[in-house]
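# Structure at a glance
In case you want the letters, here they are:
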Amino acid sequence: MKPHKFLLQSVFTLLFSCLISGLAHADVRLPRLVSDGLILQRDKPIKIWGWADEGEVVDVELGKQKLRTQTHDGRWQVSFNALPAGGPYCIQVAGHNKLKVCDVLIGDVWIAAGQSNMELKMGDVKSQYPALLTTTHYPQIREFNVPWVYEFKGPLSDFQQGQWKTAEPQNLANFSAAGFFFAQQLYDKYHIPIGIIMLAVGGSPAEAWMSEEALAKYPHYLARTGPYKDDVVLKDAINKQNAATDKWFSTLARDDVGLAKGWAYGAVDENDWQKFTVPGNMHEQDIHFDYGAVWFRKQIYLSENQIKNSASLSLGAIVDADHTYINGTEVGNTSNLYISRNYSIPVGLLKAGTNTLVVNVISSSGNAGFIKDKKYALQLGTQSISLDGDWEYKISAATNEPPKTTMFPWLPYGLYNAKLAPCLELGMKGVIWYQGESNTDRSDEYRSLFPDLIRNWRQDFKQGDFPFIFVQLANYQAANTLPAESNWAQLREAQRQSLRVNNTGMAVAIDIGEWNDIHPLNKQAVGERLALQAMKLAYRDSNLPVSGPTPRHLERRGSKLILSFNLEGSRLQVPLDGVIHQLAIAGADKKFVWAEGKIVREKLYVWSTQITQPKYVRYAWADNPIGANLKNSRGLPATPFELAVE
């Protein structure tokens, strides 16, 4: 008997409906943070969340704990009982589909954020710690590194990239240096898993890390970002900027006679190159050149024995970008002046006799050259051949100033939305923060902006007044011989005053910077000092003095100012020569002069014969207060400060 036409239609309709319904089911999904290698916060309820179809029942297991929930508004969430440090565990999730996340540890999770000094990777400081990259084995120290991303239209719910990595040789070069040394100190002391969620973005100002709501009291920031909420406007701005930049570089490449004539490969007219001294820049050597391309070269004679060794090249820091060649082969290139040049040389490239080193430099900031007090050397095994001294140069193309650009990731609330917001549900121990360089032109505002940022994060994480530990800006730039105003000092003072916010700590770095590098290499000291603060604030290890002297009270007696300090059970350290440097005082007119100082019964007496009625005192008040030597008996440096008699 033939099937009835209506019955066939009904069957086909049912099958089609089932097929469509099956296709329409969304898989149960976890956030990218909840993935293999995850570290979860110990001793707190453990929240696991994700997404699925509306109304879908989701079963979640963590160890022996099993929970069931239902999806509402496309999202589900469970909260497991707190667990002590340990593991590994697996997390199993079942809905329409099944998921399994393994190698999950329970320990302490720290958010690491800020700008490039927090972002700077272990691979970028390998010259400072060469053995660490190949010998480190800390499988219970892990980092989740979030690539650069920004969003203006609203907070994102998840990351599109990133995964948990262990602190082992195959991964360590990409770890934050400050973050790793911080975690290493904590792990070595407490032997619990340490997870670092690395969010930092080079060059980012504080306002990029605050929510749109928190910036309501700073309307000038909201006005800057507002137009770029429109995707069309943003895309158009990016395209125009990229087109202008591409045109500048393509025009430069077209006009660079060095590229056209093969200077990289030895096709050089020997007669018209001129002398240049490395290190140094063009302006100080009376060379009138601002923007464009310039080539530098040096000949190096090597013996048969020397070329048998492994070889590498150190070219310090170059302003601004470079392509570097040896004997006609490119051995490395770097796009900006803030990255140290350490290039490996392929086996067999060097030869007995004369070798030619050629560096093609692109000048975009107006003063090409080689930064002083950096290492310029050819390393042959254990032998280091200095490259300081006489080189030759030739300008190959001069251009106009490059087009101005907008760094869109740095605009207000863009990083908060894209990098912080997806973390807000995760339980964590606290925050480490290294930032401020990009706000030094607005130091006064930072006195309110930074505390507002801390409050903003605490409010949105909903985990109480968790420890918020930050690095005070390191010493940087040329030193002054006389007391002077300084935006960097003002920013440091704003950071110091932020300690008034509850449960905050500050790692002083005034003695570990480099005058010629905004990215000082000594990130081990930074990590250790951040960890000392964490030991006090997060781990209640209160017997440790974790800070150098911080000013507590100022009074005047006659022509002297008397300072008392918070010393945390330590003592003021008397310098070997008895002279305390970088002290300055002023009267009501705030005209500062250098002052003398003497420690008497843990108080510091400060005076100058030039000031009879002192009102203000400053210590280490400069971009680079060279010689600042006030410390505690543990060797931790005093914070720079400015105080006034009330």
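The written sequence of each chain sets the order in which its residues are numbered from 1. With the structure being a predicted model, the display of local features is reserved for residues of pLDDT at least 70 and the display and counting of side-chain atom pairs for 80 or more, all residues being used for whole-chain, interface and lining totals. Just so you know, side-chain values use all the structure's heavy atoms and leave hydrogens and water out.

### Notes on helix 12 (residues 523–537)
Elements are defined by DSSP. Helices are runs of H or I of four residues or more, strands are runs of E of two residues or more, and each kind is numbered from the N terminus. What a helix is expected to span follows from its residue count: subtract one and scale by 1.5 Å. Along its 15 residues, helix 12 runs 21 Å from first to last C-alpha, staying within 8% of the 21 Å computed at 1.5 Å per residue. Each residue's exposure class comes from its accessible area (1.4 Å probe, protein chains only) as a fraction of the maximum for that residue type: buried when under 20%, exposed when over 50%, partly exposed otherwise. The element helix 12 is largely enclosed, with a buried count of 12 among its 15 residues. Of all the residues in helix 12, the buried ones are K523, A525, V526, G527, R529, L530, A531, L532, Q533, A534, M535 and L537. In this structure, the buried residues of helix 12 make contact with strand 7 (98–114), helix 2 (116–119), helix 5 (177–190), strand 24 (430–434), strand 25 (468–471) and strand 26 (504–507). Regarding helix 12, its N-cap is N522, as a side-chain oxygen of that residue lies 3.2 Å from the backbone nitrogen of A525 further along. The contact definition used throughout considers only heavy atoms, calling two residues in contact when any of these lie within 4.5 Å. Definition of a polar contact: a pair of N or O atoms within 3.5 Å, with one able to donate and the other able to accept a hydrogen when the atoms are protein atoms, and with sequence-neighbouring residues admitted only if both atoms are side-chain atoms.

### Let's talk about the sheet that holds strand 15 (residues 318–319)
Any two strands with at least two DSSP-identified bridges between them are counted as paired. The strand order 12-20-15 describes an open sheet built from three strands, whose pairing is antiparallel. A single partner strand is all that each edge strand has here, and the edge strands are strand 12 (280–281) and strand 15. As defined by bridge partners, strand 15 adjoins strand 20 (residues 369–370) across two bridges and the pair is classed as antiparallel. Bridge pairing links I318 to F370 in strand 20.

### A short note on the pattern of salt bridges
As a working rule, side chains carrying opposite charge can pair if their charged atoms are close by. When a carboxyl oxygen of Asp or Glu lies within 4 Å of a side-chain nitrogen of Lys or Arg, that pair is called a salt bridge. Taken as a whole, this structure holds 32 salt bridges when the rule is applied. One salt bridge connects R75 with E425, and the closest N-O pair in it is separated by 3.5 Å. Taken together, the residues R75 in strand 5 (residues 75–80) and E425 in the loop between helix 9 (414–420) and strand 24 connect sequence positions 350 residues apart. Across the pair E401 and K404 runs a salt bridge whose closest N-O atoms are separated by 2.9 Å. In the salt-bridge network here, residues are joined through shared partners; they are E485, K590, R618 and E642.

### Quick word on the environment of S564
By secondary structure assignment, the location of S564 is in strand 28 (residues 560–566). Residue S564 is classed as buried on the basis of its relative accessible area, which comes to 7%. Along the chain, S564 and D53 lie 511 residues apart, while their C-alpha atoms are 63 Å from each other. Discounting chain neighbours no more than four positions away, the residues touching S564 are T550, P551, R552, H553 and K603.

### A word on the state of the cysteines
Here, two cysteine sulfur atoms that lie within 2.5 Å of each other are counted as a disulfide. Applying the stated criterion across every chain yields a total of one disulfide. Across the disulfide, C90 is cross-linked to C102 (sulfur-sulfur distance 2.5 Å). Its torsion about the S-S bond being 110°, the disulfide of C90 and C102 is classed as right-handed. With C90 in strand 6 (residues 86–94) and C102 in strand 7, this pair connects stretches of sequence that are 12 residues apart. Take C102: its relative accessible area is 24%, and that puts it in the partly exposed class.

### Focus on the pairing of strand 10 (residues 194–198)
Within strand 10, five of the five residues are buried, which leaves it mostly tucked inside the rest of the structure. Residue alternation in strand 10 divides its side chains into two sets, I194, I196 and M198 and G195 and I197, and both sets are buried. Direction of pairing for strand 8 (residues 138–145) relative to strand 10: parallel, over a ladder of five bridges. Within the sheet, the bridge partner assigned to F144 lies in strand 10 and is I197.

### What about the sheet that holds strand 14 (residues 311–315)?
If you walk across this open sheet you meet the four strands as 18-14-21-22, and the pairing is antiparallel. One side of each edge strand has no neighbouring strand; the edge strands of this open sheet are strand 18 (342–345) and strand 22 (383–386). Within this sheet the neighbouring strands show an average axis-to-axis angle of 20°, counted without direction. As paired strands, strand 14 and strand 18 are joined by four bridges and run antiparallel to one another. When the bridges of strand 18 are listed, S312 appears paired with S344. All axes are obtained by fitting lines to C-alpha atoms, using only the stretch in contact for helices, and the reported angles, taken between N-to-C directions, cover 0 to 180 degrees.

### Observations concerning unusual backbone geometry
A cis amide bond links G87 with the next residue in sequence, P88, at an omega value of 10°. Looking at where P88 falls in the secondary structure, it is placed in strand 6. With phi around 55°, R540 is a residue other than glycine that occupies positive phi space. With respect to the element layout, R540 can be found in the loop between helix 12 and strand 27 (550–557). A relative accessible area of 59% means that R540 is categorised as exposed.

### Considerations on the nonpolar core
Here, nonpolar core refers to any group of buried Ala, Val, Leu, Ile, Met, Phe, Trp, Tyr and Cys residues whose side-chain atoms link them within 4.5 Å. Counting residues in each nonpolar core, the largest one holds 126 residues, and the members touching the most others are I91, W110, W433 and W457. Among the nonpolar cores identified, the runner-up in size contains 31 residues, and I287, F289, I385 and L387 belong to it.

### Points about the pairing of strand 28
With respect to burial, strand 28 is a largely interior element, five of its seven residues being buried. Note: strand 27 against strand 28, seven bridges, orientation antiparallel. In the strand pairing of strand 28, R556 is matched with L561. Where strand 27 hands over to strand 28, the hairpin turn is made up of two residues, of which G558 adopts a positive phi near 65°. Examined bridge by bridge, strand 28 and strand 33 (residues 603–607) share four bridges and lie antiparallel to one another. Directly across from I562, in strand 33, lies its bridge partner Y605.

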